[in-house]
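Structural overview
The residues making up each chain are set out below.
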Amino acid sequence: MPKLGMEPLRKAALVKATIAEIGQAGSLDVTVSQIARRAGMSSALAHHYFGSKDRIFLAAMAHILKSFGDRVRAELHEAGTPRERLNAIIAASFDADEFQPEVISSWLSFYVQAQKNPGARRLLRIYTRRLHSNLVFNLKQLINPANAQLIAAAVAALIDGLYIRQALRKNPLDRFQTMGLVWDYLDLKLGDVSHGAVKMSAPSPQGPSRQ
């Protein structure tokens, strides 16, 4: 019998190992044995905790989405105006932890998994709805509500597209330049509406401030 409290630690280690293995492979074509080996445990123990490879993948996906949500909340805590809050959401999307190669590969792989796995599709639906609603809420305070929906959809598409280019090694920009592209798009669409608002500066190399 494992010691009390070891199960959460081992599950966390398996989730971390799953993200690393997917990042190294660049796809979901990894085995439970590979994941377990990286986590320093047997494949039998991995199966005991999660039951199947699909459930391990879903746990890794849920972990990434939770981490993203935590970063968004931390960034929004530091923002004041609606425009600052929009910038904060974009900054969280390209946070240093989020923009690591293995996490980028995991995002792309999970999008593929969502095409056939109901659990993955549900998690991605939650992510896309929350991102859209956060963007729309702040955009509505700056522009016509009807336009807010369209601009929010475009910003989300830009974020997804830049992640795909990064995963395919087609994006020569670093994360600061990448988030700057999305900020520039907002500048073009918002125009004079956001003039005078304090635009959040790019995070320092150590990462954005935290609560």
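Calculation criteria
Residues numbered from 1 in each chain as written. Predicted model: local features only at pLDDT ≥ 70, side-chain atom pairs only at ≥ 80, totals over all residues. Heavy atoms only, no water. Helix = DSSP H or I, 4+ residues; strand = E, 2+ residues; numbered from the N terminus. Buried < 20%, exposed > 50% of the residue type's maximum accessible area, 1.4 Å probe, protein only. Contact = heavy atoms within 4.5 Å. Salt bridge = Lys/Arg side-chain N within 4 Å of Asp/Glu carboxyl O. pLDDT = per-residue confidence, 0-100. Phe/Tyr/Trp six-rings, centres within 6.5 Å; stacked < 30°, edge-to-face > 60°. Lys NZ or Arg CZ within 6 Å of the ring centre and 35° of its normal. Expected span 1.5 Å × (residues − 1). Axes fitted to C-alpha atoms, helices over the stretch in contact; angles between N-to-C directions. Parallel < 35°, antiparallel > 145°, perpendicular 65-115°, else oblique. Left-handed = near helix turned anticlockwise from the far one by under 90°. Nonpolar A, V, L, I, M, F, W, Y, C, P; charged D, E, K, R; others polar. Lys, Arg positive; Asp, Glu negative; His and termini not counted.

Quick word on the overall build of the protein
Regarding its fold elements, the protein presents 9 helices and 0 strands. N-terminal to C-terminal, the α/β element order of the protein is α-α-α-α-α-α-α-α-α. A buried classification covers 44% of the 211 residues belonging to the protein. If you take every contact in the protein between residues at least 6 apart in sequence, the share linking residues at least 24 apart comes to 67%.

Some points on the pattern of salt bridges
The full count for this structure, using the stated rule, is 6 salt bridges. Across the pair R73 and D70 runs a salt bridge whose closest N-O atoms are separated by 2.5 Å. One end of the pair, R73, and the other, D70, are both in helix α4 (residues 53-77), 3 residues apart, so they sit about a helical turn from each other. Given the relative accessible area of 52%, R73 is considered exposed. One salt bridge connects D187 with R83, and the closest N-O pair in it is separated by 2.9 Å. Of this pair, D187 sits in helix α9 (residues 175-190) while R83 sits in helix α5 (residues 82-93); the two residues are 104 residues apart in sequence, bridging distant segments of the chain.

With respect to the confidence of the model for the protein
For the protein, per-residue confidence averages 82 on the pLDDT scale, and 88% of positions sit at 70 or higher. Predicted confidence in the protein is weakest over helix α6 (residues 101-113), with a mean pLDDT of 81, and strongest over α5, with 92.

Here we look at the packing of aromatic side chains
Inspection of the entire model under this criterion finds 5 aromatic pairs. An angle of 35° between the planes, with centres 6.4 Å apart, marks the rings of W107 and Y111 as tilted. With W107 and Y111 both in helix α6, this residue pair falls 4 residues apart, about one helical turn. A relative accessible area of 24% places Y111 in the partly exposed class. Plain terms: the ring middles of W107 and Y127 are 4.9 Å apart, the flat faces sit at 55° to each other, and that makes the pair tilted. Taken as a pair, W107 in helix α6 and Y127 in helix α7 (residues 118-139) lie far apart in primary sequence, 20 residues in all. Neither W107 nor Y127 differs from the other in exposure class; each is buried. Members of the aromatic cluster, joined through ring pairs, are F68, F94, W107, Y111, Y127 and Y163. Sitting over the face of the ring of F50, K11 holds its NZ or CZ atom 5.9 Å from the ring centroid.

So, α9
An ideal rise of 1.5 Å per residue puts 22 Å on 16 residues; α9 measures up with 23 Å between its terminal C-alpha atoms. Looking only at α9, the buried set comprises R175, T178, M179, G180, V182, W183, L186 and L190. On its buried side, α9 packs onto α5, α7 and α8 (145-167). Directly beyond the C-terminal end of α9, a positive phi value near 55° is found at G191.

Considerations on the environment of A36
The residue A36 is located in helix α2 (residues 32-39) in this model. Ignoring anything within four residues of it in the chain, the contact list for A36 reads L14, M41, S42, S43 and A46.

Some thoughts on the packing of α8 against α9
Two elements in contact, α8 and α9, have axes whose closest approach is 10 Å; the angle formed by their N-to-C orientations is 160°. As judged from the angle between their axes, α8 and α9 are roughly antiparallel. α9 is crossed by α8, and the crossing has right-handed handedness. Of α9, the residues touching α8 (which contributes I151, A154, V155, L158 and L162) are T178, L181, V182, Y185, L186 and K189. In terms of residue class, the contact of α8 with α9 is made up of 9 nonpolar, 1 polar and 1 charged.

Regarding the side chain of R175
Within the element layout of this structure, R175 appears in helix α9. Of the side chains with opposite charge, D95 lies nearest to the buried R175, which makes no salt bridge, at 5.4 Å.

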